[in-house]
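Residue-level listing of the chains:
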Amino acid sequence: MPFFQLAADPDGHVRNGSGLLNVLVRDVLTASPNMNLVDLINQLRTRIYNRGQYTRMFIVSWIDELDNVPDIDMIVFLPQLLDGLFQILGDNHQDVKQACKKCLRKLLRNISEGKSKNVDYHVMVNIILLHCQSSDSGIQSMAINWLEEFVKLGGRDAILPVIASTISSLLPCLAYEESNKNEVRDRADKVQASIMKLLTDDDDNPLSADEQSSVAAAADEDNKPDNENEEQVSYDGGPVPNEVELDKSPAIKDDYHFNMTAVVSALTHQMAHESVATRIAALHWIAHLQKRVPQRVLRHLENLFPLLMSALSDPDEGVIYLTIEVLSDISSSSFGRQVPPKFDMDIPEQVLADLQNSHEHNAYFTCFMIKIIQLFKNDVTLLDKKDGKGMIIIRQICIYLGAENIYKCLALIILKLETHNKEKQFAADITEMLAYILLTSSELHKVRTVLRELRDDYAADLFVILYKAFCHNSFAVIALCLLSQMYSHSAYLIRAVSEMNVTVDLLLQLDRLVQLVESPIFAFLRMQLLEARHYPYLVESLYGILMLLPQSVAFQTLQTRLQCIPPQSLFMDGTRKKPGNEDREKALKSINFSELLNIFRTIQKLD
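If you're wondering where the values come from, they're calculated on a predicted model, not measured in any experiment.

Caption draft 1: Representation of the nonpolar core in the model. Counting residues in hydrophobic clusters, the biggest one holds 200 residues, and the most contacted among them are Trp-146, Tyr-407 and Phe-463. The residues touching Phe-463, leaving out its near neighbours within four places in the chain, are Leu-451, Leu-454, Leu-480, Cys-481, Ser-484, Met-486, Ile-591, Phe-593 and Leu-596.

Caption draft 2: Just the pattern of salt bridges, in detail. Under the definition given, this model contains 18 salt bridges. Across the pair Asp-203 and Arg-156 runs a salt bridge, and its minimum N-O distance is 2.7 Å. Taken as a pair, Asp-203 in the loop between α10 (182-196) and α11 (209-212) and Arg-156 in helix α8 (residues 137-159) lie far apart in primary sequence, 47 residues in all. Here Arg-279 ties to Asp-314 by a salt bridge, and the two come within 2.8 Å at their closest N and O atoms. In this pair, Arg-279 sits in helix α14 (residues 276-292) while Asp-314 sits in the loop between α16 (301-311) and α17 (317-332), placing the two residues 35 residues apart along the sequence.

Caption draft 3: Local environment of the confidence of the model for the protein. Residues with a pLDDT of 70 or more make up 80% of the protein, whose mean pLDDT is 83. Counted against residues more than four places away or in other chains, residues 207-255, with its pLDDT under 50, gives 77 contacts.

Caption draft 4: Broad picture of the packing of aromatic side chains. A full pass over the atoms with the stated rule returns 9 aromatic pairs. Note on Phe-58 and Trp-62: the rings are 6.4 Å apart at their centroids and 55° apart in plane angle, and the pair reads as tilted. One end of the pair is Phe-58 and the other is Trp-62, both in helix α4 (residues 53-68) and 4 residues apart, which spans about a single turn. Residue class for Phe-58 comes out buried when judged on its relative accessible area of 7%. Residues Phe-305 and Phe-368 carry aromatic rings whose centres are separated by 6.4 Å and whose planes lie at 90° to one another, so their mutual orientation is edge-to-face.

Rules used in this analysis
- Numbering of residues starts from 1 in every chain and runs along the sequence as written.
- Thresholds applied to this predicted model are a pLDDT of at least 70 for local features of residues and 80 or more for the giving and counting of side-chain atom pairs; totals over whole chains, interfaces and linings are not thresholded and use all residues.
- Calculation of side-chain values draws on the structure's entire complement of heavy atoms; hydrogens and water are dropped beforehand.
- Residues enter a nonpolar core if they are buried and are Ala, Val, Leu, Ile, Met, Phe, Trp, Tyr or Cys, with the set joined through side-chain atoms within 4.5 Å.
- Throughout, exposure labels follow a simple rule: accessible area from a 1.4 Å probe, protein chains only, divided by the maximum for the residue type, with under 20% read as buried, over 50% as exposed, and the rest as partly exposed.
- The contact criterion used is simple: two residues touch if any of their non-hydrogen atoms lie within 4.5 Å.
- Each salt bridge in this description consists of a side-chain nitrogen of Lys or Arg and a carboxyl oxygen of Asp or Glu lying within 4 Å of one another.
- A helix here means a DSSP run of H or I that spans at least four residues, while a strand means a run of E at least two residues long, and both kinds are numbered starting from the N terminus.
- A residue's pLDDT is the predictor's confidence in that residue, given on a scale from 0 to 100.
- Note on aromatic contacts: the rings of Phe and Tyr and the six-membered ring of Trp form a pair at centre separations within 6.5 Å, being stacked when their planes are under 30 degrees apart, edge-to-face when over 60 apart, and tilted otherwise.

This is the structure we're talking about:
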């Protein structure tokens, strides 16, 4: 076709003449019943990647004119031309850009209005996703606009086979902060949310017996490059070959509609993105997958679980909150009882069984708690009460999974820690944090009530389990006894503490203990001082703490509190007992306090 050369001629007169001739030829060809349309489309496709301004304008005009012919269904040929049109859209010349934009909008409108029944969504959506990653905001905006329409028109059949690619293309757009990218970011967010809604519970149909045998082999595919699992697309802004190789396999590849391995791989990549918005969007996807296809998620937890655990160290609290929500959902899922974890947790089987029996959730809960301890050990900054990240994690987990389950399981894990100095220091630090959360957080109100009232064997068992773990930290174990109204035992503990080397850390722990005694949580304890004759060991415990403290602000605070005790109550017959609760008295009989005191002395090396 010589008109291509004439249209690109450097002489303006030649170009003008060729333009007039082109109009005449175009009118003749489009009116001819013998026009070889396939050959003409091949000519356009071959030259559509030419970067010349006038050649591009020439090609766009031909495509637009052919689309105007009633008997020609240009949508049939669009997969061959769409990529080139998107590249022309990035032309530096406004007249070319505007002509191409008008043409693309017209073609999309034809598809939306149902003027063609031959829409190859599967091929074209690959091309669109390629350009959703363009660095040109105009191309990117147009591509996302097309994708939005394809989600509406093509639905599940068009989108689910390439759902991993949509995640890879759209989620990075959420990171844009530039004002000229606001529209792209907002539309990308809207489209990815629409795609998320395409998933249904039916996509979680369990594997057949024959297919289950291949699950392990399928897991090996997780480590392969994305393009071996699904049609992953990429775009670097440069020219692409004339023949665009795309996956032309059927839209529905199997009964599951989409490749879960590729989706997990895409989400793993997005979780490492520098943008908080992108990471949060990836977490929303994981949460949605857990809701819609929990059985399929479970088969990929070997990859997802470590990813989610590492996200707990994220600097953004929003990421931490959402990660905890996802992990909690996995840990409480009924399907988690069917597919056991495959992680190496480096814990003896009997210990693992004891941990599993300490709560009401599935085995992933146990794994979650073990990984939490390992996370805190590897990142001790999480235990910093000033930073508060560790406290946030524990408090949020308690909301979703039950504080009693959390504390019992964590306490048992702490008891299994090795006894060398490094482990002992970590155990002391984490039990101090757990005790502080127990005594100050609203999420632990129910647990505090159970321990304070101690009405049954369950409460007594909870006290014993926590006591044994809290023995690693003097502050934690004394505070636990004061909360549980074990005043006689707390007095013995304080005497035992007096045998320890008085360090700055010990004095700081006693200082924090005084602050807690003055907090609203211990209002009941302060009221009991009005009836000191009934609580002689409480008075002894507080005076014991006072004697251990140097004359500091904490000393003055506690001294002032003790001076508020009515004098007459201190000198009345201390043998008089306040009528007790029978259930509590029965529960207390099941606790061997001598054994507990020996455990404390052993851990603190006082014997």
